Amino acid sequence: METRTRRAVRIEGIVQGVGFRPFVHGLATRLGLAGHVGNDVDGVFVEVEGPAADIEAFLVALRRDAPPLAAVERVTSVETAPNDGRGFSIVPSDPGGGKRALVAADSAVCDDCLRELGDTGDRRFGYPFINCTNCGPRFTIVRDVPYDRPLTTMAGFGLCTVCAAEYHDPADRRFHAQPTCCADCGPRLRLRDTAGREVPGDPIAAAAALLREGRVLAIKGIGGQHLAVLAADERATALLRKRKHREDKPFAVMVSDVDDARTLCEVDTAGRESLTSRRRPIVLLPRLADAPVAAAVAPGTRQLGLLLPYSPLHHLLLAAVAAPIVLTSGNVSEEPIAYTDADAFARLGGIADAFLTHDRPIHIRTDDSVVRPWRGRESVLRRSRGFVPEPVTLPWTAPRPLLACGAELKNTFCLVKDRFAVISQHIGDLENFETLRSFTEGIVHFRRLFDIDPALVAHDLHPEYLSTKHASDLAEHSGVELVGVQHHHAHIASCLIDNGEEGPVLGVAFDGTGFGDDGTIWGGEFLLADLTTYARVGHLAPVPMPGGTTAIRQPWRMAAAYLDQAFDGCPPTNLAVSGRNATTWATVIALARRRMASPLTSSAGRLFDAVSAVLGIRDTVHYEGQAAIELEQLADAGERDAYPVSVSGAGPLVVAGADLVRAVAEDVLRGVPPAVVSARFHNGMAEVIARCCVSLREGTGVDTVAISGGVFQNLLLLDRTVDLLHENGFRVLTHTRVPANDGGISLGQAAVAAARDRAGITSS
């Protein structure tokens, strides 16, 4: 008889809420092993007893055959004394001790549940909250860990006899699936009018009828409210824009499947994989010229943001409507999405004509993620539902737990413990009070959920950022140690961690705004950097921002400042941009010359703004980056000529952005088509970036370039820059898992703070 052995096994990673205990139970049973499995604050614990060879097979299969939503980070085991046990069981969870278990992200409804949803003979036919261990809400319903039903927002829904039998049956797909339910015991869907009264009849059919009538519908999703109209309805989409106070920023469009997506956009392999992934993000794709959507859906852009249904409710509604729908965040422009029922009726009552809602509470608001296929892979632009709170792994263990507070715009925060960096969902712009409250409440929730009491708090150097002030408040009241991290160093550090590297690199950080070491506004930076230190080795030549932040909202002001510099104080008087703004043009130039209310900036974003205004594309903007986005969309991708740019200095290099503006103005006056001018500007930017990197390599010996910052969300600039860098023999690091924009700043801050802590450098 073969000798029995017994092992105590610990599995860490994303192993709660993903069917891992049922998987372990089934695996052990098939192998004839005895023992038990359970959840605790660290993850999953197992004791397993049987022949040594079978236990080894069990340990191998834990990683190899893990459930689709699981992410096994580590498996450890120690031998213990056999007790001649028989049978294998799932034991109650142990809630004691410090919490180290990771929480799974929300996942799109799986194929098995979809088959049941559409099966007239199934008891869950048409039930809009169908889920199992392989799909459904996770992060947005979790109140605490370990992940068990009493610690989720499903706690108020007692299981009926049939659901309870499935829940306790090891052979069932819903074995220990915490959100499991049915129409007899689970949440209920309702259609309500703006006064909160329930509309009689089938909620899905009635909601679909409203959409077909051109009405605006609020829909309670997984992480918050959405607003929907028919995507092809010009009047309805224009009405939604008016009510939502969202003048130009594109809306996302939900389509039933990939075939429907292909009627609107070009869908390559990478795009298809993103659309159909369990994360179900919004995917930016090239728009077809004859795409049957209203002009108001995505004005001024050649792309559409498409997403497929990710909840059973979405599937049922799309099937009933039988047409693509706009699905945009349920908020007034610049506010966070509404996620509680009371907040939804209060804030969206003046926008929506009806509410398709339900009684399953959402614990934490989570907006849709946004990605884009790039060179055969997925690049994340907004990291939220479906991704959060899955961690990013650091290259080493952080000495002390820490919090990074992120930036002011596109805010996320990040908590670090051991090797795991947990980035929050997209929070938004902290200038809005509701968004700031979401930021502070989110930090409290994450700290409790992951049991992280930070000893360090990293923050941006800008003293007026509300995220910086929050860090200062924490230091004042709880004695944490502050670590200030320069904005563009954080961008490059984020790119390094995204690629699993530590540097050194030549970092190219181009964005709109970042507080510099010299007190000016940076944004067109070349850095020699690693995770601990950086040096500014090049930048765009500074120009004044007439009116300060007003110049961000009114790009024509940057055009005035740049033209004045480009033409040595005598800009052409026959450019249309000066004529359009004639009443204040001279005053603005005077402000710039005198440096009155005109801080200096090296921002690449402001340079793009200036060119956009000179070309007549955008004198004022209605959302961040609009001028640059529309400038890129205008460009003729076939144009290869580039405007020349002079570079001066040796330490640091100084790039004359005014050369580009002068070339743009001269071509505009010659009558060169705007699409050609835009392309030549982009090409000139890419060429000068590559030229600077070549020059800096000669002085540093560093041949790896890391590219980051919101300006590099511009695909034309990114493509041309990466190609030129490759042609010049550089390794190039770009963002994939974390946004290049300010949504990635918190990860960069966290990485720098942890690296400095390891090196014994922690003070601001």
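Look up a bit, the structure's there.
About the cut-offs
Residues numbered from 1 in each chain as written. Predicted model: local features only at pLDDT ≥ 70, side-chain atom pairs only at ≥ 80, totals over all residues. Heavy atoms only, no water. Helix = DSSP H or I, 4+ residues; strand = E, 2+ residues; numbered from the N terminus. Rg over C-alpha atoms; globule rule 2.2 N^0.38 Å. Contact = heavy atoms within 4.5 Å. Areas by Shrake-Rupley, 256 points an atom, 1.4 Å probe, with all protein chains shown as cover. Lys, Arg positive; Asp, Glu negative; His and termini not counted. Charge placed at Lys NZ, Arg CZ, Asp CG, Glu CD. Expected span 1.5 Å × (residues − 1). Phe/Tyr/Trp six-rings, centres within 6.5 Å; stacked < 30°, edge-to-face > 60°. Buried < 20%, exposed > 50% of the residue type's maximum accessible area, 1.4 Å probe, protein only. Lys NZ or Arg CZ within 6 Å of the ring centre and 35° of its normal. Pairing = 2+ DSSP bridges. Axes fitted to C-alpha atoms, helices over the stretch in contact; angles between N-to-C directions. Arc of directions from axis to C-beta. 1 Å grid on protein atoms, 1.4 Å probe; cavity = no way out; pocket = protein on both sides within 12 Å on 5 of 7 lines; lining within 4 Å. Points joined across faces, edges and corners; volume = space filled by probe spheres on them. Parallel < 35°, antiparallel > 145°, perpendicular 65-115°, else oblique. Left-handed = near helix turned anticlockwise from the far one by under 90°. Nonpolar A, V, L, I, M, F, W, Y, C, P; charged D, E, K, R; others polar. Salt bridge = Lys/Arg side-chain N within 4 Å of Asp/Glu carboxyl O.

Visitor: Explain the overall build of the chain here, please?
Guide: Helix and strand counts for the chain come out as 23 helices and 30 strands. At 27 Å, the chain has a C-alpha radius of gyration in line with the 27 Å of a compact globule built from 764 residues. For the chain, the C-alpha atoms occupy an extent of roughly 95 × 65 × 50 Å along the three principal directions. Counted over contacts in the chain with a minimum sequence separation of 6, partners at least 24 positions apart contribute 72%. For the chain, the accessible area works out to roughly 27200 Å², and carbon and sulfur atoms hold 51% of it. A distance of 2 Å separates the average location of the 78 positive side-chain charges in the chain from that of its 92 negative side-chain charges.

Visitor: I'm lost on helix α21 (residues 674-700) in this one. Help?
Guide: Think of an α-helix as turning once every 3.6 residues; residues three or four places apart then point the same way. The end-to-end C-alpha distance of α21, which contains 27 residues, comes to 39 Å, matching closely the 39 Å that a straight helix rising 1.5 Å per residue would cover. Phi turns positive one or two residues past the end of α21, at G701, with a value near 80 degrees.

Visitor: Just checking my understanding: could you explain the packing of aromatic side chains for this structure?
Guide: What describes a pair of aromatic rings is the distance from one ring centre to the other and the angle between the planes of the rings. Under the criterion given, the structure shown has 11 aromatic pairs. The interplanar angle of 75 degrees and the centroid separation of 5.3 Å between the aromatic rings of F20 and F23 together place this pair among those described as edge-to-face. Residue F20 and its partner F23 are both found in helix α1 (residues 20-30); the two are separated by three residues, about one turn of the helix. What makes F20 buried here is its relative accessible area of 1%. What links up through ring pairs into an aromatic cluster is the set F139, F413, F439, F446 and F450. Geometry around F251 places R241 over its ring, the cationic atom sitting 4.1 Å from the centre.

Visitor: Help me understand the sheet that holds strand β11 (residues 303-307) in this model?
Guide: Strand-to-strand pairing in sheets goes through backbone hydrogen bonds, with the strands running parallel or antiparallel. Spatial ordering of the open sheet is given by β6-β13-β7-β8-β12-β9-β11-β10-β14-β15, a layout of 10 strands whose pairing is mixed. Lying at the two open borders of the sheet, with one neighbouring strand each, are β6 (189-193) and β15 (377-382). Taken over all neighbouring pairs, the strand axes of this sheet differ in orientation by 35 degrees on average, direction set aside. Against the sheet, helix α8 (residues 269-276) touches β10 (282-286), β11, β14 (370-374) and β15, its axis set at about 155 degrees to β10.

Visitor: When you look at the sheet that holds strand β3 (residues 43-51) in this model, what are you seeing that I'm missing?
Guide: Across the sheet, five strands lie side by side as β4-β1-β3-β2-β5; this open sheet has mixed pairing. Unpaired on one side and paired on the other, β4 (71-80) and β5 (88-90) mark the two borders of the sheet. The sheet shows a mean angle of 15 degrees between the axes of neighbouring strands, taken without regard to direction. Note: strand β2 (residues 34-40) against β3, seven bridges, orientation antiparallel. Looking at β3, one finds that H36 is bridged to E47. Sitting on the sheet, α1 touches β1 (4-14), β2, β3, β4 and β5, and the angle it makes with β5 is about 175 degrees. The strands that helix α2 (residues 52-64) touches are β1, β3 and β4; relative to β3, the one it contacts most, it runs at about 155 degrees.

Visitor: Even after reading the chapter, I still don't get helix α17 (residues 582-594), so can you show me in this structure?
Guide: The end-to-end C-alpha distance of α17 is 19 Å, a good match for the 18 Å that 13 residues give at a rise of 1.5 Å each. By the burial criterion, the buried members of α17 are W585, V588, I589 and A592. One side of α17 holds all its buried residues, which, seen down the axis, span an arc of 100 degrees. For α17, exposure combined with an orientation more than 90 degrees from the buried face picks out T583, A586 and R594. Against β25 (543-544), α15 (555-566) and α16 (576-580) lie the buried residues of α17. Just beyond α17, the residue with positive phi is R595, at close to 60 degrees.

Visitor: Can you walk me through the layout of surface pockets in this structure?
Guide: In this approach a probe as big as a water molecule rolls over the atoms, and the regions it shows empty are the leftover space. Roughly 450 Å³ of volume is contained in the second largest pocket. Together, 19 residues line the second largest pocket, and P286, R302, Q303, E632 and L715 are the ones closest to its centre. Taken together, the elements giving at least two residues each to the lining of the second largest pocket come down to β10, β14, α19 (626-634) and α22 (715-727).

Visitor: I'm lost on the environment of T440 in this one. Help?
Guide: Tracing the backbone shows T440 in helix α11 (residues 433-449). Counting along the chain gives 331 residues from T440 to V109, while the straight-line C-alpha distance between them is 31 Å.

Visitor: Looking at this model, I keep getting lost on the packing of helix α18 (residues 604-614) against α19. Mind explaining?
Guide: A pair of packed helices can be characterised by two numbers: the angle between their axes and the separation between those axes. At their nearest, the axes of α18 and α19 sit 8 Å apart, and the two run at 60 degrees to each other. Viewed along their axes, α18 and α19 adopt a mutual orientation that is oblique. When you trace α18 past α19, the crossing you get is left-handed. Between α18, through F608, D609, V611 and S612, and α19, the contact on the second element is made entirely by A627, A628 and L631. Of the residues that constitute the contact of α18 with α19, the class distribution is five nonpolar, one polar and one charged.

Visitor: What is the right way to look at the pattern of salt bridges in this model?
Guide: Between side chains of opposite charge, pairing is possible as soon as their charged atoms come close. Under the definition given, this model contains 49 salt bridges. Here R618 ties to D248 by a salt bridge, and the two come within 3.9 Å at their closest N and O atoms. Separated by 370 residues along the polypeptide, R618 in the loop between α18 and α19 and D248 in the loop between α6 (234-244) and β9 (252-254) bring together distant segments of the chain. Classification of R618 as buried rests on a relative accessible area of 16%. By relative accessible area, D248 is classed as buried at 16%.

Visitor: Any chance you could explain the packing of α15 against α18 here in plain terms?
Guide: Across the interface, α15 lies against α18 with an axial gap of 7 Å and an inter-helix angle of 95 degrees. Viewed along their axes, α15 and α18 adopt a mutual orientation that is roughly perpendicular. Across the interface between the two elements, P555, W556, M558, A559, Y562 and L563 from α15 touch R606, L607, D609, A610, A613 and V614 from α18. Of the residues in the contact of α15 with α18, the class split is 10 nonpolar, no polar and two charged.

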